[in-house]
Each structure stands twice: as C-alpha cells, then as structure tokens.
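Architecture and fold: a report
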Amino acid sequence: MKTSVVLLFTILLFSGCGDEPKKNPPQKSESDKIKNWARPGVQGQMSGAYFVYKNPLSSADTLISVYSPQAMMTQIHESYTTEDGLAGMREKKEIVVHSDETLVLKQGGLHVMLMNLKKDLSENDSVEVALEFTKAGTVKLKLPVKNNK
Amino acid sequence: MKSQFLSFICILFIFFTSCNTGPKVIDDLSDKSFNVINQNGESVTFPDDYQGKYVVVGFIYTNCPDICPLVTQNLIKVQKEFNSPDDIQFLGITFDPKRDTPEVLKNYKGLFNLDDNFDFLTADSTTISELMDSVRVRSQVSFTQVREDDKEVYFMNHSDKIMVLDKKSRVIFEYGGSMTPVNYIVEDLKTVRK
Ligand SMILES: [Cu+2]
C-alpha cells in the first residue's frame, strides 16, 4: 500500500499540469529561404537589411564598412542579449570572414542598419549596399525589399 | 493503513484542484487602467477596453529594425493561424513614447498590412513607464549615435516579450518575444479558447 501511494504520487507529480511556460527555444527561421533582402521602411526612420557573402579568396578577409546611398547612415549591427537578459544591438566595426567561409546576416543576428532613410522603402524597391573589405575591396549588392517575412 | 489511504486521497485532491483552475495567472491587470493612444490618435484605456477578448501583446520600439519586427511578425503569424478572429486582439505597445508618436506608429503599422484587430499603442512617458512596470518590461537607452546630419539617435536595450491576457485582463502566458515558435502561442491560445 505504502509503495503504491508513493508511486502514484510520483507519477502524478511528474505528469504535471502541462502549462509550463516555454521560453526562447532555438528556432530555425523561415526567412532563411530568401537570404538577401531589406525590410520596408519609412523616410526618416530606420530599416534593416540582410545578406550572405561567401569569401571567394584563399585567405581571410575583413568587412570594415558598409554604405548605402539610400540611408543617411549605414552600419553593421549585431543583435545580442545583455548580461541582465535584455535584447539589444551594437555596432560591429569589423567582421573577419575566413577563406571559403560564408558571412550570414539574418534576423536576430547581424544586420545592415539603415538609419534615417532618405525615402520610403516599399515592396518592389531594392536597397543598394556597398560592402568594403580589406582584400576584396568594394562588393556591391542589391537587396530586394520584402514584406512580412 | 487508514492514514495512508487518507493521505492518498489528500494527494489526489491537491493534484486535481491545482490542475482544474486553467492556466496560472501570472499577473492580474484587471485593476489597472492606463490611458493610451492608438496609431490613429484615438484614446484607448488599456486593458479595460479589451476586456471580453483575448489580447496578445508584443512590446516594441520602431527604431529597432531587427528584433522588434520579429516580435510583430510573430503576432501576425498567430493572427493568421487563427484566421483573424474577432475574439483575439493584437497589440504592439511601445516603450519608446518619445519617438513613437501615434503618427510614427501609424506608419509602422502600414509597413505590415494589418487589419483593425491589430493596434499599436503609445502614451505619455509616465503612463508608459507605469504600464511597462506593471507587466515587468524593462528598457533603457543603450547607446547614442550622432548621425551625419548631427542629429542624435539612441538605441535601447529591452525585454523581449510577448504576453497573452485572458478575457478578464489577466496575464496567462508569457514568451520570449522574437524567438518563440509561433505554434507555442497558438497551442496555448487554443487550450484556453475552446
Ligand atoms: Cu541595428
């Protein structure tokens, strides 16, 4: 009797109520499908853009700046979690890309931060971005503006 | 023997009463009342005006082009999963009222092609900080950037959160806002909504 009580209690305890809060599990984003894109935006406001770049050189290269004629200011940013658990972003001044390595900018991680847009960005527009690498020099990309990704 | 039987009944009782109350109430906002403004400049009382509906709330600021749109998009995906139901209201509330005026929020909403059951709310700074305190959303200016036109822009560190209120304005679910799989939110809503 005593054993069965203990056993039942244990089962009940572990079966639980099924409403445990779920927090931040890793997620493979659907937006991985389209890798080069920019977010719509309003003139004077911000937008973000994403791309992938594979270093074709036989040695490491470093991304040192980014420029877009469509924003007053452009930077590479990284979204991260602060020590006390807040979401934030910070500028990445340099990113080293090893030979054959692919640099991936995607939602929730690295992004091109387009600040103070000169014009609205809507679907069917595209954003021109010039990446400056120490070895490969200037790499120009055209990123289509996509909505509701 | 008798006492063992009694303790068994006790345990069963505790187990079933603790499970039949539905989801745990995390915060009761029913006694709170915040005068806020939506993206159309209309006065809204939060959460009072949404009582009788489930409310899915994301916390955002519009100068955040990476994490915050993920929060907004998660709300949109939930809304789509339920086929834009009338009994679920979707809200994005800004913790940056200084810059996120109703007009800015209207433009922001416009970027996502959203319907009437999706509102963005702002208020004066005092009201917003009281509101954020009551739902335990923290935010602080992280760094300031001087733009090429000499204007200053600032960025914020902030809680990344989505929460669900029941029809009585009680917070019953909370999630990480940007990275939570949408089906977690959908499944939770389904269990309380049936
Ligand atoms: Cu950024």
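Here the structure is a predicted model, which means the values were calculated and not measured.

This paragraph deals with the sheet that holds strand β2 (residues 34-38) of chain B. All names here are of chain B. In space, the 8 strands of this open sheet follow the order β1-β10-β9-β4-β5-β6-β2-β3, with mixed pairing throughout. The sheet is open, and its two borders are formed by β1 (27-28) and β3 (43-46), each paired with just one other strand. With 4 bridges connecting them, β2 and β3 associate as antiparallel partners. Across the sheet, residue asparagine 35 finds its bridge partner in β3, namely threonine 45. Helix α2 (residues 67-81) contacts β4 (54-60), β5 (88-94), β6 (118-122) and β9 (161-165) of the sheet and is inclined by roughly 165 degrees relative to β4.

Residues and elements named next belong to chain A. Protein coordination of the copper ion is provided by His77 (ND1), Met89 (SD), His111 (NE2) and Met113 (SD), with donor distances spanning 2.2 to 2.3 Å. Viewed at the metal, the 4 donor atoms of the copper ion are separated by angles of 96 to 121 degrees, and the geometry they form is tetrahedral. Here the donor residues for the copper ion map to a single chain with the spacing H-x11-M-x21-H-x1-M. In this pair, histidine 77 is assigned in strand β5 (residues 71-81) and methionine 113 in strand β9 (residues 110-117), connecting sequence segments 36 residues apart.

A side chain of one charge can pair with a side chain of the opposite charge if their charged atoms are brought near each other. All names here are of chain B. Under the definition given, this model contains 11 salt bridges over all chains. Where arginine 136 meets aspartate 27, a salt bridge forms, and the shortest distance between an N and an O atom there is 2.6 Å. Taken together, the residues arginine 136 in the loop between α4 (125-134) and β7 (139-146) and aspartate 27 in strand β1 connect sequence positions 109 residues apart. Of the residues examined, arginine 136 reaches a relative accessible area of 44% and is grouped as partly exposed. Between lysine 190 and glutamate 187 there is a salt bridge; the shortest N-O distance is 3.9 Å.

Below, the discussion takes up the pairing of β5(B). All names here are of chain B. Across the 7 residues of β5, 7 count as buried, placing the element largely inside the fold. As paired strands, β4 and β5 are joined by 7 bridges and run parallel to one another. Looking at the pairing, isoleucine 60 lines up with threonine 94 of β5. Assessed by its sense of winding, the connection that carries the chain from β4 through α2 to β5 is right-handed. Examined bridge by bridge, β5 and β6 share 4 bridges and lie parallel to one another.

Criteria and cut-off values
Residues numbered from 1 in each chain as written. Chains lettered and ligands numbered in written order. Predicted model: local features only at pLDDT ≥ 70, side-chain atom pairs only at ≥ 80, totals over all residues. Heavy atoms only, no water. Pairing = 2+ DSSP bridges. Helix = DSSP H or I, 4+ residues; strand = E, 2+ residues; numbered from the N terminus. Contact = heavy atoms within 4.5 Å. Axes fitted to C-alpha atoms, helices over the stretch in contact; angles between N-to-C directions. Donors = N, O, S within 2.8 Å, 3.2 Å for Na, K, Ca; no water. Tetrahedral: all angles 85-135°; square planar, octahedral: opposite > 155°, others 65-115°. Salt bridge = Lys/Arg side-chain N within 4 Å of Asp/Glu carboxyl O. Buried < 20%, exposed > 50% of the residue type's maximum accessible area, 1.4 Å probe, protein only. Right-handed = clockwise from strand over helix to strand, strands pointing away.

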